[in-house]
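Each chain, written out:
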Amino acid sequence: MTIEQTSDQRARVEEFQRKHRIVLLTLLFTDVVGSTRLKQLLGERAALDLTVRHHALLREMLLRFPDAEEIDSAGDSFFMVFAKPSDAVQFALLAQRGLRELARETGQPVFDRIGIHVGEVFVQDRGSERRNLFGIQVDSTARIRSLGKADQILLSRFAFDNARLVLRGLEFPGLGELSWLNHGYYEIKGVEEPLEVCEVGEAGLAALTPPGDSEIAHRFHAADAEPVLGWRPAAGQLVPQTRWKLERPLGQGGFGEVWLAQHETLKQRRVLKFCFKAERARALKREATLFRVLRERFGEHPNIVAIHDVFFNAPPFYLVMDFVDGPSLDRWTGAHATLAETPLEQRLELVAQIADALQAAHDSGIIHRDVKPSNVLIADPTGAAPRAKLVDFGIGKIVNAEALAGVTRLGFTQTMLYTGSGTGTPLYQAPELLRGDPASPASDVYSLCVVLFQVIAGDFKRSVTADWEKAIEDPLLGADIARGLSSDPKERFASAADLAVNLRSLMERRKQAELRAADERERMKRSNFRRKMRRGGEMVVALCLLLFALWSMLREDGAVEIATEPAGAEVWENGKKLGTTPFTQRPVKPGRREYVIRAEGYEELTYIRSLKSREVLSVMLPLTTIKREASIAFAGPGILEKQGTVEVADGKGRWIPLDVGKFALEYGDRVRTREKSRVSIRFSDLSVLRMEELTTLEFSPPKEKSGKSSIEVKQGGVYFLSREKSKELEIRTPIATAALRG
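Numbers given to residues run from 1 along each chain, matching the order in which its sequence is written. Given that the model is predicted, a residue must reach a pLDDT of at least 70 before its local features are reported, and side-chain atom pairs must reach 80 or more before they are shown or counted; all residues, however, enter totals for whole chains, interfaces and linings. For side-chain calculations, the full set of non-hydrogen atoms in the structure is used, while hydrogens and water are omitted.

Trainee: Go over the overall build of the protein chain, please, and point to the residues and values.
Mentor: Secondary structure elements follow DSSP: runs of H or I of four or more residues count as helices, runs of E of two or more count as strands, with numbering from the N terminus. Scanning the protein chain for helices and strands turns up 13 helices and 37 strands. A 1.4 Å probe rolled over the protein chains alone gives each residue an accessible area, and that area as a share of the maximum for its type sets the label: buried under 20%, exposed over 50%, partly exposed in between. Across the 742 residues that make up the protein chain, the buried fraction comes to 43%. For the protein chain, the exposed surface amounts to about 39900 Å²; the carbon and sulfur share of it is 52%. In short, Shrake-Rupley with a 1.4 Å probe defines the accessible areas, and a residue's cover is counted only from the protein chains shown.

Shown next as structure tokens:
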């Protein structure tokens with residue numbers, strides 16, 4: 001394409017834009033149903049007069065709406081535009097009422113069908129305040145009108161919803177109770193996408209029936225989203241077959257709408273939760289079943305919004321719930337301007353109450369799976385003690401089939417039991433759910449700790465980022481949040497109740513932390529004092545040693561240091577005990593020194609040495625054991641256990657009792673004895689002798705027999721030999737032999 005062509009194309013676009021404007025408008029088409037039959041019945045003249053009165057009535061009605069305009073008229077039809085959908089609906093209702101009065105006056109039925117739609121159109125000014133409108137939305141409006149019957153007002157969904165909300169509670173003189181209906185999707189010839197067609201009219205007067213299939217349109221059913229057709233709520237309406245009168249809408253979502261209603265007889269105010277999509281009705285049924293499970297277990301929990309009745313037999317499907325006269329948690333600020341200004345204790349108590357509600361659900365085998373601020377309502381929001389109430393168990397699951405025992409499931413079986421991670425709000429979902437793992441009570445605790453973080457930070461738009469700790473000043477609350485947000489479900493709070501206990505005991509925990517900190521400070525103070533004293537003492541000692549060393553250098557005296565192996569021996573000099581080893585004596589005058597070393601069980605030792613001037617004598621003296629007939633080293637691994645008294649011969653004809661429960665000969669140990677190959681040990685009772693080394697060997701005394709016989713057992717280099725007549729058991733090792741005699 002050349003540059004000249006591109007410029008020419010741009011010029012044409014700019015020229016089109018100068019002549020046309022794109023405007024979002026509410027479009028209305030109307031025409032008389034059965035106009036040809038009227039001409040045949042009344043004749044051309046009378047039918048023309050009736051048409052003129054019809055046109056005059058509509059134009060008179062149009063004057064009541066300053067932001068409306070007649071675009072065109074042809075024969076018995078009109079094309080009008082309005083600034084707002086609610087104005088178009090008001091015009092249509094007043095026009096239908098006027099045409100009914102005209103029919104009563106003339107005796108001839110002159111009824112219109114009206115189509116209303118909202119869309120963007122091209123507007124072309126024709127001068128003299130006349131304009132043309134172009135676009136697919138104009139065609140769509142005309143086709144919606146063509147679906148209608150006499151005395152019927154059909155609308156697209158956007159115009160329907162807008163007008164229904166704006167006109168709630170308004171009264172129109174001469175108009176009766178309005179009925180708002182949704183007839184579902186229709187595929188309309190010439191329109192690419194299916195349109196959702198709705199209707200409004202006076203109950204008992206307007207057509208209020210769904211359009212039938214025809215050559216230009218037929219009903220469309222989506223494979224994955226079948227709408228619940230028919231009645232729609234509006235302010236001032238009575239819910240079909242009940243005395244519940246709707247007051248105002250409270251909210252809406254993908255499932256349907258939530259309305260406040262009052263019972264005309266009982267004067268009770270309740271919340272009605274409507275569902276207008278067939279697949280979402282299952283969530284509404286699930287919510288009702290879960291509440292029944294909770295009520296069977298705990299009755300009506302003070303922190304869970306109660307469900308009083310359910311209607312699922314025929315549309316409209318809805319629940320009747322408690323009305324909580326207060327905002328959701330994400331809109332609550334108490335009696336203050338912002339959430340951050342609300343006392344922290346009050347905010348923490350609300351989170352603790354949510355934890356109470358979750359604990360009741362978990363104890364009943366129910367997981368909420370969508371814990372977030374908008375699903376918590378606050379009762380008595382500006383009072384001193386506001387109350388939190390958990391709502392919307394619509395995506396909740398039962399993880400324990402036993403919980404459904406004895407409870408009506410409203411037609412549900414396996415759909416009530418948990419089989420996967422499901423859906424929820426990503427900001428509040430636990431990491432394991434994002435990975436596709438199953439939900440658990442721990443995942444609800446994670447969601448609640450995200451709410452706790454936002455409540456403490458004072459900002460419900462704040463997400464949990466890597467630096468979330470900067471927003472939490474209290475270290476105890478920071479530790480609670482960190483525990484609840486752990487990526488490992490096992491490291492979180494064991495239950496929602498544990499979190500509630502921590503939050504409600506914050507003041508006590510702070511006091512305990514302060515006491516521990518004070519104790520630690522006192523301990524550190526004492527430790528520092530002791531450290532200073534110790535350093536001072538060490539300096540004094542060092543100074544004393546230095547002074548002593550200097551003093552010693554100026555003297556002729558020396559010193560004696562005596563150590564023994566083993567230590568603990570007594571040191572004597574000139575018949576006087578000086579101390580025990582290791583022993584140090586200073587000052588010592590130069591000259592001959594004679595020391596006697598004594599230790600029980602060891603031979604006495606005399607040490608003689610001449611000490612020179614200023615000499616420091618340091619000596620290690622090994623001690624020699626007194627040799628006795630029975631001197632045995634006892635150590636594992638081989639252990640010989642005994643029964644009765646064990647005595648050892650001392651070599652002087654006496655037997656010395658050994659008060660031990662077990663002893664052993666280890667391979668390689670020496671048995672010191674004056675006899676070359678044996679020591680004597682006797683037992684008063686030889687009923688059981690046992691050797692333990694890796695395995696246990698048990699021995700019993702041999703039976704009495706004539707002649708000499710022996711039993712020899714080899715165990716790891718140790719020989720066991722028993723002689724019957726002498727009742728003697730010998731233990732032979734490669735070093736020596738010990739004879740046990742009975």
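There is more to say after this.
Trainee: Help me get a handle on the environment of Gly174, residues and values and all.
Mentor: Along the chain, the position of Gly174 falls in the loop between helix H6 (157–166) and strand S7 (178–188). On the basis of relative accessible area, Gly174 is assigned to the exposed category, the value being 62%. For Gly174 and Leu94, which are 80 residues apart along the polypeptide, the C-alpha to C-alpha distance reads 8.7 Å. Should any heavy atoms of two residues lie within 4.5 Å, those residues are counted as being in contact. When residues no more than four places from it in sequence are discounted, the contact partners of Gly174 are Arg97 and Glu202.

Trainee: An account of helix H10 (residues 441–457) is needed here, citing residue identities and associated values.
Mentor: Multiplying one less than the number of residues by 1.5 Å gives the expected span of a helix. With 17 residues, H10 ought to run about 24 Å at 1.5 Å a step, and its terminal C-alpha atoms sit 24 Å apart, in line with that. Burial analysis of H10 places 15 of its 17 residues in the buried class, which makes it a mostly covered element. After H10 finishes, the residue Gly458 shows a positive phi value of roughly 75°.

Trainee: Hey, could you go over the pattern of salt bridges for me, with residue numbers and the actual values?
Mentor: Salt bridges are defined by distance alone: a side-chain nitrogen of Lys or Arg within 4 Å of a carboxyl oxygen of Asp or Glu. Within the structure shown, the criterion is met by 28 salt bridges. Across the pair Lys372 and Asp370 runs a salt bridge, and its minimum N-O distance is 3.7 Å. Classification of Asp370 by relative accessible area gives buried; the value is 11%.

Trainee: Summarise the packing of aromatic side chains; cite the residues concerned and give the values.
Mentor: Here the aromatic set is Phe, Tyr and Trp, taking the six-membered ring for Trp, and pairing holds for ring centres within 6.5 Å; pairs whose planes are under 30 degrees apart are stacked, those over 60 apart are edge-to-face, and all others are tilted. Taken as a whole and judged by the stated rule, the model has 8 aromatic pairs. Centre to centre, the rings of Phe311 and Tyr318 are 4.5 Å apart; their planes meet at 20°, and the pair counts as stacked. Look at Phe311 and you get partly exposed, because its relative accessible area is 28%. Its relative accessible area of 2% is what places Tyr318 among the buried residues. Three or more aromatic residues link up through ring pairs in this structure, and these residues are Phe65, Phe82 and Phe91.

Trainee: Please provide a residue-by-residue account of the pairing of strand S6 (residues 152–156), values included.
Mentor: When you tally the buried positions in S6, you get 5 out of 5 residues, the bulk of the element. Neither face of S6 is exposed, since Gln152, Leu154 and Ser156 on one face and Ile153 and Leu155 on the opposite face are all buried. Think of it this way: DSSP has to see at least two bridges between two strands before they count as a pair. Judged from the 4 bridges that link them, S6 and strand S8 (residues 195–202) form a sheet pairing that is antiparallel. From the neighbouring strand, Ile153 faces S8, where its bridge partner is Val200.

Trainee: Which residues make up the side chain of Thr30, and what values do they have?
Mentor: With respect to the helices and strands, the residue Thr30 is situated in strand S1 (residues 20–32). Within 3.5 Å is the distance limit for a polar contact, defined as a pair of N or O atoms, with the added protein rule that one can donate a hydrogen and the other accept it, and that residues adjacent in sequence qualify only through two side-chain atoms. Separated by 2.8 Å, the side chains of Thr30 and Asp112 make a polar contact. The residues contacting Thr30, other than those within four sequence positions of it, are Leu58, Asp76, Ser77, Phe78, Asp112, Arg113, Ile114 and Arg145.

Trainee: Mind laying out the sheet that holds strand S12 (residues 256–263), listing which residues take part and the relevant values?
Mentor: The strand order across the open sheet formed by 5 strands is S11-S12-S13-S15-S14, and the pairing between neighbours is antiparallel. Every other strand in the sheet has two partners, leaving strand S11 (244–252) and strand S14 (307–311) as the edge strands with one partner each. Strand-to-strand, the axes of this sheet are offset by a mean angle of 25°, without reference to chain direction. With 7 bridges joining them, S11 and S12 adopt antiparallel strand pairing. Note on S12: the bridge partner recorded for Trp244 is His263. To obtain an axis, a line is fitted to C-alpha atoms, over the contacting stretch when the element is a helix, and the angle between two such axes runs from 0 to 180 degrees between their N-to-C directions.

Trainee: Explain the side chain of Thr26 residue by residue, including any values.
Mentor: Considering the arrangement of structural elements, one finds Thr26 in strand S1. Beyond its immediate sequence surroundings of up to four residues, Thr26 is in contact with Met80, Val81, Phe82, Ala83, Lys84, Pro85, Ala88, Ile116, His117 and Val118.

Trainee: I'd love a proper account of the pairing of strand S25 (residues 605–611), names of residues and values included.
Mentor: The pairing of strand S24 (residues 591–598) with S25 spans 7 bridges and is antiparallel. Bridged to Tyr595 within S25 is Tyr607. The antiparallel hairpin formed by S24 and S25 contains 6 residues in its connecting segment, where Gly601 sits at a positive phi of about 90°.

Trainee: So what about the nonpolar core? Which residues, and what values?
Mentor: Take the buried residues of types Ala, Val, Leu, Ile, Met, Phe, Trp, Tyr and Cys, join any two whose side-chain atoms come within 4.5 Å, and each joined set is a nonpolar core. In this structure, Leu329 and Leu448 are the most contacted members of the largest nonpolar core, which totals 72 residues. Looking at this core, the element that brings in the most residues is H10, giving 10 residues. In this structure Leu448 touches Val351, Ile354, Ala355, Leu358, Val371 and Leu499, once residues within four positions along its chain are discounted. Formed by 35 residues, the second largest nonpolar core is a distinct cluster that contains Leu28, Phe78, Leu99 and Phe160.

Trainee: So what's going on with unusual backbone geometry? Which residues, and what values?
Mentor: Here the amide bond leading from Glu565 into Pro566 is cis, since omega sits at 5°, within 30 degrees of zero. Along the chain, the position of Pro566 falls in the loop between strand S20 (558–565) and strand S21 (570–573). The amide bond that connects Thr581 to the next residue, Pro582, takes the cis arrangement and shows omega of 0°. Tracing the sequence through the fold places Pro582 in the loop between strand S22 (576–580) and strand S23 (583–588). Phi at Arg369 takes a positive value of approximately 75°, unusual for a residue other than glycine. Within the element layout of this structure, Arg369 appears in the loop between strand S16 (366–367) and strand S17 (376–379). Its relative accessible area of 10% is what places Arg369 among the buried residues.

Trainee: Which residues make up the sheet that holds S20, and what are the values?
Mentor: The strand order S23-S20-S26 describes an open sheet built from 3 strands, whose pairing is mixed. Every interior strand has two partners, whereas the edge strands, S23 and strand S26 (616–622), have only one. Ignoring strand direction, the axes of neighbouring strands in this sheet form an average angle of 15°. Bridge count between S20 and S23: 4 bridges; the pairing is antiparallel. Bridge pairing links Gly558 to Val588 in S23.

Trainee: Describe helix H12 (residues 496–504), naming the residues involved and giving the relevant values.
Mentor: Within H12, burial applies to Ala496, Leu499, Ala500, Asn502 and Leu503. Projected down its long axis, H12 carries its buried residues within an arc of 160°, all on one side. Each C-beta atom gives one direction from the helix axis, and the arc is the one those directions make.

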